[in-house]
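# Structural overview for review
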Amino acid sequence: MSPFQRQRVLGIVVLALVLMWLDSRVTWLEPVRYITGFVLAPAQQTAMIPGAIGNWYSESSTTRQELLAENKQLKARTLVLETRSQRLAALEAENIELRELLSASEQVDDRVLVTSVIAVDPDPFTQQILINKGGEDGVFIGQPVLDAYGLLGQVIDVAPYTSRVLMIADSNHAIPVQVNRNGVRAIAVGTGALDELELIYVPNTADIIKGDLLVSSGLGGRYPRGYPVATVSSVENIPGKSFAQVTAEPSARLDRSRHLLLVFSQGAAKVPATEIWKEH
Amino acid sequence: MNIRALILAAAGLFIAFMLEHLPMPDLLLWLQPAWVLMVVTLLVMFAPQTAGLWIAFPLGLMLDVEQSTLLGTHILTLAIHIFLLQVLYRRMVMFNFLQQTGVVFLLVAVQQLLVYWAGALVSETMGPVPLWGPALTSALVWPWVYGLTHIIMVRLHLT
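Residues numbered from 1 in each chain as written. Chains lettered and ligands numbered in written order. Predicted model: local features only at pLDDT ≥ 70, side-chain atom pairs only at ≥ 80, totals over all residues. Heavy atoms only, no water.

This brings us to the overall build of chain A. Along chain A, the regular secondary structure elements total four helices and twelve strands. Relative to the 2.2 N^0.38 estimate, which gives 19 Å for 280 residues, the radius of gyration of chain A is 36 Å and therefore markedly larger than a compact globule would have. Dimensions along the principal axes, computed over C-alpha positions, put chain A at roughly 115 × 55 × 45 Å. Looking at chain A as a whole, 33% of its 280 residues qualify as buried. Intrachain contacts of chain A at a sequence separation of at least 6 include 57% that bridge at least 24 residues. When the accessible surface of chain A is split by element, carbon and sulfur atoms take 57% of a total near 17300 Å². With 25 positive and 30 negative side-chain charges, chain A shows a separation of 10 Å between the mean positions of the two kinds. (Helix = DSSP H or I, 4+ residues; strand = E, 2+ residues; numbered from the N terminus. Rg over C-alpha atoms; globule rule 2.2 N^0.38 Å. Buried < 20%, exposed > 50% of the residue type's maximum accessible area, 1.4 Å probe, protein only. Contact = heavy atoms within 4.5 Å. Areas by Shrake-Rupley, 256 points an atom, 1.4 Å probe, with all protein chains shown as cover. Lys, Arg positive; Asp, Glu negative; His and termini not counted. Charge placed at Lys NZ, Arg CZ, Asp CG, Glu CD.)

Moving on, we get to the overall build of chain B. What chain B contains, in helices and strands, is seven helices and zero strands. Shown N-terminal to C-terminal, the secondary structure of chain B runs as helices and strands in the order α-α-α-α-α-α-α. Taking 15 Å as the expected radius of gyration for a compact globule of 159 residues, we find that chain B reaches 15 Å, a close match to that expectation. By its C-alpha atoms, chain B is 50 × 30 × 30 Å across when sized along the principal axes.

So, about the domain arrangement of chain A. Splitting chain A by domain gives domain 1 (5–59), domain 2 (62–105) and domain 3 (108–274). When each unit is reduced to the centre of its C-alpha atoms, the spacing between domain 1 of chain A and domain 3 of chain A is 73 Å. (Domains from an automatic or database assignment.)

Turning next to the sheet that holds strand β1 (residues 111–120) of chain A. Residue and element names in this part refer to chain A. Spatial ordering of the closed barrel is given by β1-β2-β5-β4-β3-β12, a layout of six strands whose pairing is antiparallel. Neighbour-to-neighbour, the strand axes of this sheet turn through a mean angle of 45°, independent of strand direction. Across five bridges, the pairing between strand β4 (residues 151–158) and strand β5 (residues 163–167) is antiparallel. Across the sheet, the residue bridging to G153 is M167, located in β5. (Pairing = 2+ DSSP bridges. Axes fitted to C-alpha atoms, helices over the stretch in contact; angles between N-to-C directions.)

Here we take up helix α1 (residues 5–25) of chain A. Every α-helical turn comprises 3.6 residues, leaving residues that sit three or four positions apart pointing alike. Its 21 residues give α1(A) an end-to-end C-alpha distance of 30 Å, which sits within 8% of 30 Å, the value for a rise of 1.5 Å per residue. Of the residues making up α1(A), those classed as buried are A:Q5, A:V9, A:I12, A:V13, A:A16, A:M20 and A:D23. Burial along α1(A) is one-sided: seen end-on, the buried residues are contained in an arc of 100°. Buried positions along α1(A) lie against α2 (30–47) of chain A together with α4 (56–67), α5 (73–94) and α6 (97–122) of chain B. (Expected span 1.5 Å × (residues − 1). Arc of directions from axis to C-beta.)

Attention shifts here to the interface of chain A and chain B. Between chain A and chain B, the residue contacts involve 29 residues of the former and 31 residues of the latter. Interface area, chain A with chain B, both sides summed: about 2700 Å², of which 81% is carbon and sulfur. Area buried by chain A at its contact with chain B is led by A:I12, A:M20 and A:R33, which between them contribute 22% of it. Applying the counting criterion to the chain A and chain B interface returns zero salt bridges. Counting across the chain A and chain B interface gives three residue pairs in polar contact (both at pLDDT 80 or more). Tallying contributions element by element places α1(A) first for the side of chain A that touches chain B, with 15 residues. Counted by class, the side of chain A that touches chain B contains 18 nonpolar, six polar and five charged residues. (Buried area = accessible area lost by both parts, 1.4 Å probe. Salt bridge = Lys/Arg side-chain N within 4 Å of Asp/Glu carboxyl O. Polar contact = N/O pair within 3.5 Å; in protein donor to acceptor, adjacent residues only side chain to side chain. Nonpolar A, V, L, I, M, F, W, Y, C, P; charged D, E, K, R; others polar.)

Here we come to the packing of aromatic side chains. Residues and elements named next belong to chain B. Throughout the structure, instances matching the rule amount to six aromatic pairs over all chains. Taking the centre distance of 6.1 Å and the plane angle of 85° together, the rings of F97 and Y146 count as edge-to-face. Within this pair, whereas F97 is found in helix α6, its partner Y146 is found in helix α7 (residues 132–155), the two being separated by 49 residues in sequence. Taking the relative accessible area as the measure of exposure, F97 reaches 45% and is therefore partly exposed. Taking relative accessible area as the criterion, Y146 reaches 9% and is therefore assigned buried. Look at F105 and W132: their rings are 5.9 Å apart centre to centre, the planes differ by 15°, and that puts the pair in the stacked class. You can see F105 sitting in helix α6 and its partner W132 sitting in helix α7, a full 27 residues away along the chain. On the basis of relative accessibility, which here comes to 55%, the residue W132 falls in the exposed class. Of the aromatic side chains, those joined through ring pairs into one cluster are F46, F97, W142 and Y146. (Phe/Tyr/Trp six-rings, centres within 6.5 Å; stacked < 30°, edge-to-face > 60°.)

Mapped onto this numbering, the UniProt entry gives "domain: Rod shape-determining protein MreC beta-barrel core" (unreviewed entry) at residues 117–263 of chain A. For residues 117–263 of chain A, helix accounts for 0% and strand for 47%, while the C-alpha atoms at its two ends are 15 Å apart. (UniProt positions renumbered as here; feature names shortened; annotations may be inferred.)

This part takes up the sheet that holds strand β10 (residues 228–236) of chain A. Strand order in the closed barrel formed by six strands is β6-β7-β8-β11-β10-β9 (chain A), with antiparallel pairing between adjacent strands. Taking the axes of each pair of neighbouring strands and ignoring which way they run, one obtains an average angle of 40° across the sheet.

Right under this line is the structure:
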């Protein structure tokens, strides 16, 4: 042992402490670590060899039968997972829709009931849907139905656990509306096409322009007032005719919404189920 | 130190680092012997003229990278370890296996303790360091390592 060994050890210790301190505070030493990693790599790779050999052996000793069986199993599993991921997409969409509904129900003050569409009437001349709430849930004839984006229609038939909804796009349906911008009143009639309503009896001079939002006016006594119904998509003044031809696009997503709101509004007229047909 | 001894030392270090890196289950990780430390011990015992304090630098750096400790931690511990060995090695060669085992046990424990102390001194966030596990397993493995090295050295006509 050389005479200054203790001092040397002390020097190395101090040096090492400085190095540690630097390494914990600054990033200059990263290259040193990186390059040392290269030196270590062969030993580290060698350490992994037994595991690699084990893997290789278990792979190469699998029989063809086992592989085929595994293949079959994996295929089946893929199928199951694919189905599940499809459902996941649907669930995601449903979740978004529910959230939107929730915010919609925050906007309206009325008491609401969430319902789902269970069937769509296949008749091309009517626009009706079936929902999964009925008389037992307090649904009544004439009850307004909303989706997340606007008025969708009204209940026309109540069964104990299901109800039939007439959508605003049905050609037998009309709803009193007013332009949100200036209060001009009109009647929006369904055309039978899901994406188009028609405003009838609009004077040529009426202040309605493309892009106006039409909201329910509540004048008919059936729908509550103030819910978005449609957006004006075109205004045409035909010379020689008394009324302008105005078309509007429904705000509600008549062909897409799965979750709807039934509104128990103060303003909405409640017609008992037994009396609905007496008018005819 | 002739070329054969050099190759033996290099091989020993290579195997030591390989064993350091060997994937271990979590439980056994606390019992992993200090392989590099044992090889350093052998180097200092059998080649005291060549293997001096300087080997603490490269080997310490490599151990720091291997165990992802702060750079310098193992330079410090190895320097102290080598110094202690330089004081002890003459006696250690004369010791029997049991006595050697005891010395290795203490040396490894001291090294682990130093790793912890140095880390705690420099950085605020210092995780736990296994202390008795490596010391115990190193001590148990030591006689075999020592015996094997002795046999190889006799075979290679290095003694």
